[in-house]
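Tertiary structure, described
Letter by letter, the chains look like this.
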Amino acid sequence: MSRYRSYGKLDDPFVTEGDTFFLRMNARLRPNQLKPGEVALSKNGRMNDDGTWQPRKGLSTLFGSITSGTDAIRLPYVIQSASRSSGVVTIVLDDTPSLSFIPGENITIADVDSSINGTHALVSVNFTTKTLTFANAGSNVTFTVQDASVGNTSVCSTGNSIATTLNFTINDDGVNAVYGSAVYSDASSNNDDYIFSATNNLAVIIRLKDSALFKCRYEAGGETVDGPVGMTQGFDKMFIFRSRKTTLSASPALNSIGISSASQSGQTITVNTSTNHGRVTGDFVTLTNLGNWTVNPNDCYQITRINDTQFTVTMASSQTATFNVSGAQAEYFEDFTRVDRGTYTAPQYLTDTTATASSGVVTMDVVNHGLEIGNEITIRNGSSPFDLFVNQNAIVTSTPTADQFTFNLGVEDGTASLTASRQLAIGKGFIHMPAAPWGQFHQRRLWVPYWFTSDVSPTDRKNRDEIVASDILDSDTYDRIGNQFRISAGKSDFLVGIQPFTQDTLAIFNRKSIHLMTGVSGSLADVKTNVVTTEIGASARKSIVQVANQILFLSDQGIYSVAFLDEYNLRGTGTPLSESIQPFVDRINQDYAHLSCAVYFDSRYWLAVPLDSAPGRGDATKLNAIIVYNFINGGFESIDQVNSTEFAIRDLIVAREGAQNALYLTTEEGGVHKVDGFEGGDVVSLTAGQAQSETIPVVSQLTTRQYDADSMDRKTFSRAELHVKSNTGFSTDGDIQFITEDPDSTSQSISVSSLLGSNLPDSEEASVRLRVNKRGFGVQADFQPTNGRPYLRSAKVDARITDRSTTSVS
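Owing to the predicted nature of the structure, the values given are computational and were not obtained by experimental measurement.

1. A closer look at the nonpolar core
- Formed by 47 residues in total, the largest nonpolar core has its most connected members in Y605, V609, I736, F738 and L792.
- Judged by nonpolar contacts, the second largest core, of 22 residues, contains Y184, Y194, A203 and V225.

Here you go:
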């Protein structure tokens with residue numbers, strides 16, 4: 001084909017411009033200012049090592065929604081009277097309603113009349129007249145209600161259940177929120193990682209290798225979680241930090257009991273164990289490897305009745321079966337309990353090098369032990385067989401002499417060295433763990449914000465820039481004199497997060513500044529605090545991630561990094577890392593930015609944020625997007641979103657599913673999803689009370705930089721070519737359109753299948769050629785796959801300069 005349309009004084013040659021590789025996204029500059037390999041938009045895409053762009057894989061579901069979609073609390077009040085008039089039901093209570101009765105929220109009525117029993121949205125609440133109203137169609141009537149003298153008015157705290165015949169029902173098992181999640185890695189196994197999710201009234205645990213479900217309670221059902229929490233594993237425990245409330249902790253080791261026989265009659269499953277199971281009514285247990293069934297009984301249940309070697313559980317489905325128990329087990333995690341609180345007492349250590357165990361009774365000879373029957377002791381150290389019970393508590397059962405005491409322990413018979421500790425008098429300057437919103441482990445200590453006291457009912461200390469460190473290997477002991485540090489000396493700033501930096505250093509992120517604490521290994525007597533910068537700080541604790549010699553984090557101005565200049569020096573960067581995607585940063589809803597979370601995985605920084613539909617719109621109240629930074633390509637490669645307004649991310653987690661790490665995300669509904677885990681669409685669970693997943697197409701898009709033929713003149717863009725290859729297992733289709741500027745216009749989209757006559761077959765490649773026939777200053781190619789996950793290898797456009805008139809145009 002001729003290089004020129006015509007020859008003469010104003011020759012107009014065809015100019016070809018395009019990209020043969022794709023590296024990163026740049027949404028800040030004008031699209032014609034972008035460099036080769038940069039794109040104006042990459043949505044739900046991945047830029048591979050070979051320079052190709054491809055739609056991301058979908059999310060796969062390991063576990064669906066665990067929320068019930070119903071209120072977890074029902075405050076039981078006696079109804080004095082109930083009537084309906086003009087489509088409005090008025091309820092008069094025996095007592096003043098709780099402040100939890102809010103217009104627009106739901107209440108449940110029971111045992112009054114079939115026409116109003118059930119759940120209704122409150123219209124009004126009057127605390128003076130003790131009345132509630134809600135809309136309900138029907139004739140005017142005064143209902144007959146239960147005699148108010150039946151039982152006294154009772155109020156059930158969140159998560160508890162009480163025996164009642166009152167008119168408001170209690171939904172003890174209702175899970176209406178997931179407030180935090182974290183990974184637990186079992187050090188005794190190469191393949192077992194678990195994801196713990198903290199709901200309002202219990203912890204839900206998913207084993208990744210087989211999606212087995214476990215549950216455990218908080219203080220046997222006596223405690224709750226009512227807001228976002230920090231969760232982390234350390235010192236062989238899983239901690240749930242609850243800010244103004246005492247922290248919860250549990251030993252996350254999985255306990256297993258062999259099943260000797262099991263059968264089901266109706267909905268009741270009866271399980272006999274080979275040894276004393278140690279469970280009590282209300283505890284959770286997971287049945288595994290039961291065989292010979294019609295309806296699968298392997299699931300998590302709450303125990304309804306027990307004796308030492310037998311318990312029963314209730315299954316939702318009915319069947320009659322005697323199960324095959326070869327390899328069957330009952331497995332469980334211990335309940336979470338509150339960490340020690342109130343007045344601190346220092347431990348005294350008691351050692352007997354020849355402690356004896358006989359028939360479950362341990363005898364220790366310690367001179368002047370000072371113990372009494374009923375005192376609690378803790379196993380601190382011991383040789384076999386006592387080494388299996390380190391950190392376990394026991395109760396003194398007898399004190400035959402002042403130099404001898406005994407206690408019960410499920411240990412095999414033997415004689416060995418054993419060290420235990422007891423509680424003594426108040427220790428000067430020492431406190432239990434403060435009621436902290438989160439914690440960070442470093443150099444064998446737990447570092448927590450010192451915002452609230454460690455009292456039985458924690459009080460606010462009225463500061464937000466102090467931290468305190470535990471003793472080494474002791475998460476319960478804090479020296480508030482020697483191990484307490486104030487970071488910003490009472491300035492208008494507050495602590496956001498802590499990131500371990502080197503062996504001897506912590507990076508402290510405040511809202512408006514960054515500091516370094518050095519000398520944090522060993523004794524803390526010589527700790528020094530230095531300011532790194534007062535120009536920026538972190539806005540989200542969980543966005544702080546260390547990658548090689550950098551620490552990345554989200555600030556008010558965007559995503560920043562601070563980097564090591566040498567082994568001990570940390571320096572901030574003046575320009576945000578996110579400068580190239582500033583239009584998307586401007587859409588982050590700052591009112592909810594503190595919820596943002598991030599991880600480093602597969603050479604990428606993944607940051608989940610609340611992304612508004614437009615800057616300042618304020619319509620993103622949950623984490624609905626993931627910004628992906630590719631370290632190999634040196635830039636941002638995608639803005640990932642699930643095509644549903646209901647999808648809300650809670651945490652990003654790197655964990656093992658078998659022998660290899662993978663990236664997972666948990667949702668506010670309790671779902672656990674593997675990122676890039678499915679070749680089709682996003683398989684997600686969106687609806688409260690619905691564990692089943694649904695498949696939503698991944699809507700991906702690539703918009704190239706603007707091709708302007710390196711000229712300010714107007715051009716005619718005549719033809720284009722895209723090189724596409726189908727991925728394995730799927731044929732390819734997609735829509736192509738062209739966007740011109742000056743004059744602004746968008747071409748009608750044309751599909752790959754219409755150009756080729758059919759979808760591009762599995763693993764095949766093609767150069768898709770098409771006419772553009774558009775005029776303008778510059779043009780962009782836009783590619784939106786509609787089938788498969790095709791590789792886009794290159795794109796080019798042919799243009800020729802037109803309209804060489806010297807007259808100005810608009």
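2. Some points on the packing of aromatic side chains
- Across all of its chains, the model carries 19 aromatic pairs by this definition.
- Here the aromatic rings of Y184 and Y194 are separated by 5.7 Å at their centres, their planes lie at 25 degrees, and the arrangement is stacked. Here Y184, found in strand β14 (residues 178–185), pairs with Y194, found in strand β15 (residues 193–199); they are 10 residues apart in sequence, far enough to count as distant. With respect to burial, Y184 and Y194 carry one shared label: buried.
- Each ring, one from Y194 and one from F214, has its centre 6.3 Å from the other, and the planes form 65 degrees; the classification is edge-to-face. Taken together, the positions of Y194 in strand β15 and F214 in strand β17 (residues 212–217) put the pair 20 residues apart, joining distant regions of the chain. Residues Y194 and F214 agree in their burial class; the two are buried.
- Put simply, the rings of Y184, Y194, F196, F214, Y218, F333 and F336 pair up and form one aromatic cluster.
- One Lys or Arg, R279, reaches over the ring of Y332 and ends 3.7 Å from the middle of that ring.
- Over the ring of Y450 we find R461, and its NZ or CZ is 3.7 Å from the ring centre.

3. Topic: the sheet that holds strand β41 (residues 505–510)
- Spatially, the 4 strands line up as an open sheet ordered β40-β41-β42-β43, and their pairing is antiparallel. Both outer strands of the open sheet, β40 (495–502) and β43 (528–533), are each paired with one neighbouring strand and no more. On average, adjacent strands in this sheet sit at an angle of 25 degrees to one another, irrespective of strand direction.
- Pairing of strand β42 (residues 514–518) with β43 involves 5 bridges; the strand directions are antiparallel. Within β43, the residue paired with I514 across the bridge is T533.

4. Quick look at the side chain of S454
- Within the secondary structure layout, S454 lies in the loop between β36 (445–449) and β37 (466–471).
- Taking relative accessible area as the criterion, S454 reaches 9% and is therefore assigned buried.
- With sequence-adjacent residues up to four places away left out, S454 is seen in contact with R341, G342, I431, H432, M433 and P434.

5. Details of the pattern of salt bridges
- In total, this model carries 34 salt bridges according to the counting rule given.
- With a closest N to O distance of 3.0 Å, D192 and K209 form a salt bridge. Of this pair, D192 sits in the loop between β14 and β15 while K209 sits in the loop between β16 (202–207) and β17, and the two are 17 residues apart along the sequence.
- Classification of D192 as buried rests on a relative accessible area of 10%.
- A residue is classified by how much of its surface remains accessible, and K209, at 45% relative accessible area, is partly exposed.

6. Things to note about empty space enclosed by the protein
- All chains considered together, the criterion is met by 1 cavity of 30 Å³ or more.
- The computed volume of the largest cavity comes to approximately 100 Å³.
- Around the largest cavity, the lining comprises 14 residues; the ones closest to its centre are R56, I626, D640, V642 and L665.
- Among the secondary structure elements, those contributing two or more residues to the lining of the largest cavity are β50 (625–630) and β54 (672–678).

7. Here's the deal with unusual backbone geometry
- With an omega dihedral of 10 degrees, the bond running from S384 to P385 counts as a cis peptide bond.
- Residue position: P385 is located in the loop between β30 (376–382) and β31 (393–401).
- The peptide bond linking D742 to P743 adopts the cis configuration, its omega dihedral lying at 0 degrees.

8. Notes on the pairing of β16
- With respect to burial, β16 is a largely interior element, 6 of its 6 residues being buried.
- Burial along β16 is two-sided: the face carrying L202, V204 and I206 and the face carrying A203, I205 and R207 are both buried.
- Taken together, the 5 bridges between β15 and β16 define a ladder with antiparallel strand orientation. Bridging from a neighbouring strand, Y194 pairs with R207 of β16.
- The pairing of β16 with β17 spans 6 bridges and is classified as antiparallel. In the strand pairing of β17, L202 is matched with R217.
- Hairpin geometry of β16 and β17 is characterised by an intervening segment of 4 residues between the two adjacent antiparallel strands and by a positive phi of about 60 degrees at S211.

9. Focus: the side chain of T667
- Position of T667 relative to the elements: it lies in strand β53 (residues 661–667).
- When its relative accessible area of 2% is taken as the criterion, T667 is described as buried.
- Of note is the side chain of T667, whose polar atom sits 2.9 Å from the backbone nitrogen of G671.
- Apart from residues lying up to four places away in sequence, T667 is in contact with V178, F647, A648, I649, R650 and H673.

10. Regarding the environment of V78
- Along the chain, V78 turns up in the loop between β6 (58–63) and β7 (79–85).
- The exposure class of V78 is buried, given its relative accessible area of 2%.

11. A short note on the confidence of the model for the protein
- The predicted model of the protein has a mean per-residue pLDDT of 86, with 88% of residues at 70 or higher.
- Contacts for the low-pLDDT stretch residues 69–75, under 50 throughout, to residues beyond four places or in other chains number 26 contacts.
- When the criterion is pLDDT under 50, residues 147–172 qualifies, and its contacts beyond four places in sequence or with other chains add up to 73 contacts.

Analysis parameters
- Residues numbered from 1 in each chain as written.
- Predicted model: local features only at pLDDT ≥ 70, side-chain atom pairs only at ≥ 80, totals over all residues.
- Heavy atoms only, no water.
- Core = buried A, V, L, I, M, F, W, Y, C linked by side-chain atoms within 4.5 Å.
- Buried < 20%, exposed > 50% of the residue type's maximum accessible area, 1.4 Å probe, protein only.
- Phe/Tyr/Trp six-rings, centres within 6.5 Å; stacked < 30°, edge-to-face > 60°.
- Helix = DSSP H or I, 4+ residues; strand = E, 2+ residues; numbered from the N terminus.
- Lys NZ or Arg CZ within 6 Å of the ring centre and 35° of its normal.
- Pairing = 2+ DSSP bridges.
- Axes fitted to C-alpha atoms, helices over the stretch in contact; angles between N-to-C directions.
- Contact = heavy atoms within 4.5 Å.
- Salt bridge = Lys/Arg side-chain N within 4 Å of Asp/Glu carboxyl O.
- 1 Å grid on protein atoms, 1.4 Å probe; cavity = no way out; pocket = protein on both sides within 12 Å on 5 of 7 lines; lining within 4 Å.
- Points joined across faces, edges and corners; volume = space filled by probe spheres on them.
- Polar contact = N/O pair within 3.5 Å; in protein donor to acceptor, adjacent residues only side chain to side chain.
- pLDDT = per-residue confidence, 0-100.

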